[in-house]
Structure formats: C-alpha cells, structure tokens
Amino acid sequence: MEPISSSLEDYLEAIFILIQKHPHVRLTDIAEFMGVSKPSVNRAVGNLKEAGLVSHETYGVVSLTAKGK
C-alpha cells in the first residue's frame, strides 16, 4: 500500500473519531468536525475510497473499511 498524505491521514482519523460517537457519518459531519468545506471533504473521501480505506456511496454515509481501521 502506498503511504497516504498527512492531510488524508487527518481525514481518516476524523472519520474514525466520528464513527465512535455516531453510527452514521456523512460528509457534512466530517466538514463541521474538521472546519473545512464539503468539497474538500468530498475530494479527500474520494481519494480514501480509491485507496480502499473507506466506503462511501453518493449522498450516503462514510464508513471505514477493514483496511482503513
């Protein structure tokens, strides 16, 4: 596996923290938690999905894959 950027690692960590508190995490939740825009979250989640670390369907919840955990 290629190493991910520290920025993507921050997103991954935020998703992990949010999932501990709420079973259904959406892009908006991540954006509010991190203080960033939804388009930024959308790009980051897309990159994490390509890396096989999260699963996300359009307008759906974000969850960590086994690899992402």
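Let me sum up the structure you'll find in this document. Note that the structure is predicted; figures quoted are calculated from it, not measured.

When you go through the chain residue by residue, the secondary structure sums to 3 helices and 2 strands. Ordered by position from the N terminus, the helices and strands of the chain form the series α-α-α-β-β. Over its C-alpha trace the chain gives a radius of gyration of 11 Å, about what one expects of a compact globule, namely 11 Å for 69 residues. Once the C-alpha set of the chain is aligned to its principal axes, its extents read approximately 30 × 20 × 20 Å. Expressed as a percentage of the 69 residues in the chain, the buried residues total 30%. Within the chain, contacts between residues separated by at least 24 positions form 44% of all contacts whose residues are at least 6 apart in sequence. Here the chain displays about 4,600 Å² of accessible surface, and carbon together with sulfur accounts for 52% of that area. In the chain, 7 positive and 8 negative side-chain charges are present, and the distance between their average locations comes to 6 Å.

Now for the nonpolar core. Among the nonpolar cores identified, the biggest contains 17 residues, and Ile15, Ile30, Val41, Val45, Leu48, Val54 and Val62 are the most heavily contacted of them. Contributing elements (two or more residues each) for this core: α1 (6-21), α2 (27-34), α3 (38-50) and β2 (62-64). Excluding residues that lie within four positions of it along the chain, valine 45 makes contacts with Ile15, Leu27, Ile30, Val54, His56 and Val62.

What follows covers α1. End to end, α1 covers 23 Å across 16 residues, agreeing with the expected 22 Å (1.5 Å per residue, within 8%). Buried within α1 we find Leu8, Tyr11, Leu12, Ala14, Ile15 and Leu18. Down the axis of α1, the buried set is contained in an arc of 160°. They therefore lie on one face. Away from its buried face, by an angle of more than 90 degrees, α1 presents the exposed residues Ser6, Gln20 and Lys21. Buried residues belonging to α1 abut α2, α3, β1 (54-56) and β2.

The rules we used
Residue positions are counted from 1 within each chain, in the order its sequence is given. Since the coordinates come from a predicted model, pLDDT governs what is reported: local features require at least 70, and pairs of side-chain atoms require 80 or more to be given and counted, while whole-chain, interface and lining totals use all residues. Based on all heavy atoms of the structure, the side-chain values leave hydrogens and waters out of the count. Secondary structure elements are defined from DSSP: runs of H or I of at least 4 residues count as helices, runs of E of at least 2 residues count as strands, and each element is numbered from the N terminus. In this treatment the radius of gyration is a C-alpha quantity, and the globule benchmark scales as 2.2 Å times the residue count to the 0.38 power. The classification of residues rests on relative accessible area computed with a 1.4 Å probe and restricted to protein chains. Under 20% of the type maximum is buried, over 50% is exposed, and intermediate values are partly exposed. Residues count as neighbours in contact if any of their non-hydrogen atoms are within 4.5 Å of one another. With residues, only the protein chains shown are counted as cover, and all accessible areas are computed by Shrake-Rupley using a 1.4 Å probe. Charge convention: Lys and Arg are scored as positive, Asp and Glu as negative, and His as well as the terminal groups of each chain are ignored. Here the site of a charge means NZ on Lys, CZ on Arg, CG on Asp, or CD on Glu. Each nonpolar core is a collection of buried residues, namely Ala, Val, Leu, Ile, Met, Phe, Trp, Tyr and Cys, held together in the definition by side-chain atoms within 4.5 Å. To estimate the expected span of a helix, subtract one from its residue number and multiply by 1.5 Å. Taking the helix axis as origin, the arc is that swept by the directions to the C-beta atoms.

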